[in-house]
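One letter stands for each residue in the lines below.
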Amino acid sequence: MVDYHANNQSSTGGAQMYMEPENDWDRDLLLDPAWEKQQRKTFTAWCNSHLRKSGTQIENIEEDFRDGLKLMLLLETIAGERLPKPERGKMRVHKINNVNKALDFIAGKGVKLVSIGAEEIVDGNAKMTLGMIWTIILRFAIQDISVEETSAKEGLLLWCQRKTAPYKNVNVQNFHISWKDGLAFNALIHRHRPDLIDYDSLRKDDPVTNLNNAFEVAEKHLDIPKMLDAEDIVNTARPDEKAIMTYVSSFYHAFSGAQKAETAANRICKVLAVNQENEQMMEDYEKLASELLEWIRRTVPWLENRTQEKTVNDMQAKQEDFRDYRCVHKPPKVQEKCQLEISFNTLQTKLRLSNRPAFMPSEGRMVSDINGAWHTLEGAEKGYEEWILSEIRRLERLEHLAEKFHQKAAIHESWTDGKEAMLTQKDYETSTLSEVKALLRKHEAFESDLAAHQDRVEQIAAIAQELNELDYYDSAKVNARCQKICDQWDTLGAFTQSRKESLERTEKQLESIDELYLEYAKRAAPFNNWMEGAMEDLQDMFIVHNIEEIQGLITAHEQFKSTLAEANKEREAIQAIQAEVQKIAQSNGIKLSGANPYTTITPESIDGKWEKAMAMVPLRDTALQGELNKQNSNDTLRAKFATQANTVGAYIQAKMEEIGRISIEMNGTLEDQLTNLREYQKTIMSYMPEINTLEGYHQLIQEALIFDNQYTSYTMEHLRVGWEQLLTTIARTINEVENQILTRDAKGITQEQLHEYRASFNHFDKDHSGALMAEEFKACLISLGYDVENEKQGESEFARIMSIVDPNSSGAVTFQAFIDFMSRETTDTDTADQVIASFKILAADKTFITAEELRRELPPDQAEYCIARMAPYTGADAAPGALDYMSFSTALYGESDL
């Protein structure tokens, strides 16, 4: 609906300008009975439409105003002001005084009364009385009408023309003939209330029906009393202009009130729409913050779980899960965290621009809380990765020790097999002296062998102890086997001692002994033990992590090979002893009874073990060389990773420094800056393949179990954090420019003003930190003309400004806060008082409003929004269902605790 409402600003000059043409008012026209009848009826109805508000009315316009009482009451009602106290006497002088008080009040409103005196009104002069009422109508009902720089009669006529222009058969050019057919009255009603008039059913040739329809609808639905009869207008060649103007002015005031209500409703709708949008952003922030914190809450315990696995494969599976978390699950959460900060900053900017209080998230959901939780997550993440690598090393060590334990245990158990039976047999009881002596020497050789095996048993026990200390998962089985070996070893020791004692008891009876056999046994046993130890060392597994360690093993192996020549001489010497035995026996015709009685080690077994050991040497050479090649390959992989890492690290550092310079030295319009920043962001994102290449090298390094890199100081974790910081910094810089655009558009700030603010800010930002310290900010304000010098008043003003730009008392002022303050100083926004005034119009000047009025004046969703949030009105004049719109309005701007 088009709104042509008036400004309602009265002035004495305006009244005089309009009233001067009326000075020539032809009172003789009242002698026309038709016009006098129309004016009497119209003016009487107009007066009664106001007097009924005070509970009274008039019947005869010239008689009922004679005592001046109802005239004074009429003026008080339409002007909303108190007149001097009337005189209640019945004498003529009392009546004249009352009428004079009324006329003085009219004159005091800037109305020039011509030839109208109190005596004529008291005497019931119809012409003077009608002229006085017409003057009142002009002043209080028509004068203040203003449409497009026209006022009073011309303004009312222009308003009628604008409102009826779209309607057929209606052409309003005056306030007499143009209204005779009644279509203009119906068009005015239909334009504002189409639900009350079926305009298309009206006919121009039926003016009486048209007029009656308009007058009856206006009286019934618009509270406009019927001021004329249709026949009075139709049966008059030229209807009275003053009567028609009076009647039409009632329509103007009825509909201009609706237009004010519509304007007020529009203002409220605008304010509520902003509030609803802000609340939705708050809900979205709370939801996203809750989801992100919940994800962190679930993830941190997983990262802090230090449950040990039994095997290297199990721990490598955990390592793969962690790699999946870093590359798949975490990156979207990094984006969500960045988006959350951007949304929070945008919301705070919108709240500041709409003069709303700052948004305080629920407890535990502040941006600082999320950053703290994120810091905890990254701390747990770093500790978890270090723990995985440490566990893999520990399990590798455990598996190596366990295999070494079982290998040595198997060799020992193989050696002890049958020894108990040998030591417990009593063959010496039926042997000859020489045989007993042989048994005794054999036993001495066994003791030598037993002593040689003591080191192996101690090694087995030491390995078992280390496995227990390292919490090996199968320690019970290891301990049981170790205990069995130790118990058996104690038993062998006891049996050995018992047999020795038995042989020594019979030694006095046994004398003949073969020294050569004994010498052979004594030398063969250590040599045999040495060969077994050598073969054990040649088969020993090894695990290394760098070139230096494998080169150390190769050096040790070369040293071992250098001793083989001396060992071979010892083998030949032992074999020479056996050859000497054979020679002596053959020379002396001695028939040997069989094998060497002092040892089970035969020359054949020594040669067999020697050949086996010699065959193991080249195999050991091959294994060590293969490991050397592997470590060389790992070193190459280290170099590739280091080259890529050094390149990526330098790129990230350079881009971070560039962004710092860009944020300080940005030129051009904000839109150009935003476009350049987004292009810069695309350039940075195009570097992502280099990051992925580095991730690929990092994965190969982890799969190769490489734990150190002397070629670079960068770690993958360090570069990941740097890359994430780079992406977050450019996103924040873009958001800052977007918020500046939002501030500029909302506050009407020009591009030149923004450049000026930026230049002032950068001038005092000496360290290019993007924020001004308190003293720097004070100097900036002084340069802009603010009186914040060091005297008491200046300090107070500076403290007030700091409370606005730095509400958290951090001691620093960001550029965004600086722009918000400067825009607030130079622009205006909606206030709580304006919203209260709008609600008061909708409530018809009441101090409360009802749900019915809200639903009638506002759109459904915003009406229900208000009803749900307004507190009940508890004032003395409260009606059933009354709502308190004042506390609701102040709450919208943070000025109450509602």
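About the cut-offs
- Residues numbered from 1 in each chain as written.
- Predicted model: local features only at pLDDT ≥ 70, side-chain atom pairs only at ≥ 80, totals over all residues.
- Heavy atoms only, no water.
- Helix = DSSP H or I, 4+ residues; strand = E, 2+ residues; numbered from the N terminus.
- Rg over C-alpha atoms; globule rule 2.2 N^0.38 Å.
- Buried < 20%, exposed > 50% of the residue type's maximum accessible area, 1.4 Å probe, protein only.
- Contact = heavy atoms within 4.5 Å.
- Areas by Shrake-Rupley, 256 points an atom, 1.4 Å probe, with all protein chains shown as cover.
- Lys, Arg positive; Asp, Glu negative; His and termini not counted.
- Charge placed at Lys NZ, Arg CZ, Asp CG, Glu CD.
- Salt bridge = Lys/Arg side-chain N within 4 Å of Asp/Glu carboxyl O.
- Phe/Tyr/Trp six-rings, centres within 6.5 Å; stacked < 30°, edge-to-face > 60°.
- Lys NZ or Arg CZ within 6 Å of the ring centre and 35° of its normal.
- UniProt positions renumbered as here; feature names shortened; annotations may be inferred.
- Pairing = 2+ DSSP bridges.
- Core = buried A, V, L, I, M, F, W, Y, C linked by side-chain atoms within 4.5 Å.
- Axes fitted to C-alpha atoms, helices over the stretch in contact; angles between N-to-C directions.
- Parallel < 35°, antiparallel > 145°, perpendicular 65-115°, else oblique.
- Nonpolar A, V, L, I, M, F, W, Y, C, P; charged D, E, K, R; others polar.
- pLDDT = per-residue confidence, 0-100.

Going by an unreviewed UniProt entry, the protein carries the name Actinin, alpha 4 and comes from Zoarces viviparus.

Now for the overall build of the protein. A tally of regular secondary structure across the protein gives 32 helices and seven strands. Against the 2.2 N^0.38 benchmark of 29 Å for 898 residues, the protein shows a C-alpha radius of gyration of 56 Å, more extended than a compact globule. For the protein, the C-alpha atoms occupy an extent of roughly 190 × 60 × 55 Å along the three principal directions. The buried share among the 898 residues of the protein stands at 45%. Excluding contacts between residues fewer than 6 apart, the proportion of contacts in the protein whose partners are at least 24 apart in sequence is 75%. Looking at the protein as shown, the accessible area adds up to about 44,600 Å², and 50% of this sits on carbon and sulfur atoms. Put simply, the protein has 101 plus and 147 minus side-chain charges, and the middle of one group is 4 Å from the middle of the other.

This part covers the pattern of salt bridges. What the rule picks out here adds up to 50 salt bridges. Here Asp223 and Arg52 are joined by a salt bridge, their closest N and O atoms 2.7 Å apart. Taken as a pair, Asp223 in the loop between α10 (207–221) and α11 (230–234) and Arg52 in the loop between α2 (33–51) and α3 (61–64) lie far apart in primary sequence, 171 residues in all. Judged by relative accessible area, which is 54%, Asp223 ranks as exposed. Exposure remark for Arg52: the relative accessible area of 42% places this residue in the partly exposed category. With a shortest N-O distance of 2.7 Å, Glu864 and Arg855 are connected by a salt bridge. Exposure remark for Arg855: the relative accessible area of 46% places this residue in the partly exposed category. Linked by salt bridges that have partners in common, Lys37, Lys41, Lys226, Asp229 and Asp232 make up one network.

Per the stated rule, a full pass over the model turns up 25 aromatic pairs. Here Phe43 and Trp134 contribute two aromatic rings whose centre-to-centre distance is 6.1 Å and whose plane-to-plane angle is 10°, an arrangement assigned as stacked. One end of the pair, Phe43, is in helix α2; the other, Trp134, is in helix α7 (residues 126–142), with 91 residues separating them in the sequence. Residue Trp134 is classed as buried on the basis of its relative accessible area, which comes to 3%. Both rings, one in Trp415 and one in Trp489, keep their centres 6.2 Å apart while their planes meet at 40°; by these two values the pair is tilted. Separated by 74 residues along the polypeptide, Trp415 in helix α14 (residues 367–416) and Trp489 in helix α17 (residues 475–507) bring together distant segments of the chain. The ring of Phe798 carries the charged tip of Lys778 above its face, separated from the ring centre by 4.9 Å.

Once that is clear, we can look at the UniProt feature "coiled-coil region" (unreviewed entry) in the protein. Within this structure's numbering, the places UniProt gives as "coiled-coil region" (unreviewed entry) are residues 271–298, 436–470 and 557–587. Structurally, residues 271–298 comprises 100% helix and 0% strand, and the distance from its first C-alpha atom to its last is 41 Å.

Quick look at helix α9 (residues 183–192) now. Of all the 10 residues making up α9, nine are buried; the element is thus mostly covered by neighbouring parts of the structure. Within α9 the residues assigned to the buried category are Leu183, Ala184, Phe185, Asn186, Ala187, Leu188, Ile189, Arg191 and His192.

Turning our attention to the sheet that holds strand β6 (residues 871–872). Sheets are built from strands paired through backbone hydrogen bonds, the pairs being either parallel or antiparallel. On the basis of which strands lie adjacent, the open sheet formed by three strands has the order β5-β7-β6 and antiparallel pairing. Strands with a single pairing partner mark the edges of an open sheet, and in this sheet they are β5 (849–850) and β6.

This part is about helix α4 (residues 69–79). When we look at burial in α4, the residues that qualify are Leu71, Met72, Leu74, Leu75, Glu76 and Ile78. Packing partners of the buried residues in α4 comprise α2, α5 (92–108) and α7. Of the residues trailing α4, Gly80 is marked for its positive phi of about 70°.

We now examine the UniProt feature "domain: EF-hand" (unreviewed entry) in the protein. According to UniProt, the "domain: EF-hand" (unreviewed entry) feature falls on residues 752–787 and 793–828. What you have in residues 752–787 is 64% helix and 8% strand, and the ends, taken at the C-alpha atoms, are 24 Å apart.

On to unusual backbone geometry. The backbone phi angle of Ser809 is positive, close to 55°, even though this residue is not glycine. Here Ser809 shows up in the loop between α27 (792–805) and β4 (812–814). Although it is not a glycine, Asp845 adopts a positive phi angle of roughly 70°. Relative to the helices and strands, Asp845 resides in the loop between α29 (832–842) and β5.

In this section: the environment of Leu450. Mapped onto the elements, Leu450 comes out in helix α16 (residues 433–469). Here the alpha-carbon distance between Leu450 and Trp489, two residues 39 residues apart in the chain, equals 9.3 Å. Beyond its immediate sequence surroundings of up to four residues, Leu450 is in contact with Trp415, Trp489 and Thr496.

Ile136, Trp179, Phe185, Ile189 and Phe251 are the most contacted members of the largest nonpolar core, which totals 76 residues. When sequence neighbours within four positions are dropped, the list of residues in contact with Ile189 reads Pro194, Leu196, Ile197, Ala214, Val217, Ala218, Leu222, Phe251 and Phe255.

The next subject is the environment of Leu103. Here Leu103 is to be found in helix α5. Taking C-alpha positions, Leu103 is 35 Å from Leu842, a pair spaced 739 residues apart along the chain.

In this structure, Phe105 sits in helix α5. Put simply, Phe105 and Phe405 are 300 residues apart on the chain and 121 Å apart in space, counted from C-alpha to C-alpha. If sequence neighbours within four positions are ignored, Phe105 has contacts with Leu75, Ala79, Glu81, Leu83 and Phe140.

Remark: α4 packs on α7, axes separated minimally by 11 Å, with the N-to-C direction vectors making an angle of 10°. When the axes of α4 and α7 are compared, the pair comes out roughly parallel. Here Leu71, Leu75, Ile78 and Ala79 of α4 come into contact with α7, specifically with Met132, Ile136 and Phe140. Class assignment for the residues of the contact of α4 with α7 results in seven nonpolar, no polar and no charged.

Let's shift gears to the confidence of the model for the protein. In this model, the protein carries an average pLDDT of 81, and 90% of its residues clear a pLDDT of 70 or more. Contacts for the low-pLDDT stretch residues 1–31, under 50 throughout, to residues beyond four places or in other chains number 64 contacts. In this model residues 509–513 is a low-confidence stretch, pLDDT under 50, and it forms 15 contacts with partners more than four residues away in sequence or in other chains.

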